[in-house]
Amino acid sequence: DKIVRIQGYMLKKQKNYILFSDEPNGSIGYYDLPVSGKGIDTVKPKIKYILQGRFVLGGLSASNKNPYHLQLLVAPKITAVK
């Protein structure tokens, strides 16, 4: 339940969340972070973003079975375009 700031890439969009990673591509694994909240619909693949939000245990049932997720407090910000 801490406020964190992370950077990385969207791997996959789901209905109400995205899966986020420190790598721009690859297979989805348990350690990829589900992210929900304002602005996830604007996130595009292969573009590096900075995300700021509350790191939460529970409350979201993600396809990769990660029990944690990031609930965004502000909209994602682009850091670099490939």
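Above this note sits the structure.
Definitions and cut-offs
Residues numbered from 1 in each chain as written. Predicted model: local features only at pLDDT ≥ 70, side-chain atom pairs only at ≥ 80, totals over all residues. Heavy atoms only, no water. Pairing = 2+ DSSP bridges. Helix = DSSP H or I, 4+ residues; strand = E, 2+ residues; numbered from the N terminus. Phe/Tyr/Trp six-rings, centres within 6.5 Å; stacked < 30°, edge-to-face > 60°. Buried < 20%, exposed > 50% of the residue type's maximum accessible area, 1.4 Å probe, protein only.

1. Concerning the pairing of strand β1 (residues 2-13)
Reasoning step 1: As defined by bridge partners, β1 adjoins strand β4 (residues 47-57) across seven bridges and the pair is classed as antiparallel. Looking across to β4, one finds that K2 is bridged to F55.
Reasoning step 2: As consecutive antiparallel partners, β1 and strand β2 (residues 18-21) are separated by four residues.

2. What to know about the packing of aromatic side chains
Reasoning step 1: Within the structure shown, the criterion is met by two aromatic pairs.
Reasoning step 2: With centroids separated by 5.2 Å and ring planes inclined at 85 degrees, the aromatic side chains of Y30 and Y31 adopt a geometry described as edge-to-face.
Reasoning step 3: Exposure remark for Y30: the relative accessible area of 42% places this residue in the partly exposed category.
Reasoning step 4: When the centroid spacing of 5.0 Å and the interplanar angle of 5 degrees are considered together, the rings of F55 and Y68 count as stacked. Taken together, the residues span a long stretch of sequence, with F55 in strand β4 and Y68 in strand β5 (residues 68-72) at a distance of 13 residues.
Reasoning step 5: Judged by its relative accessible area of 34%, Y68 falls in the partly exposed class.

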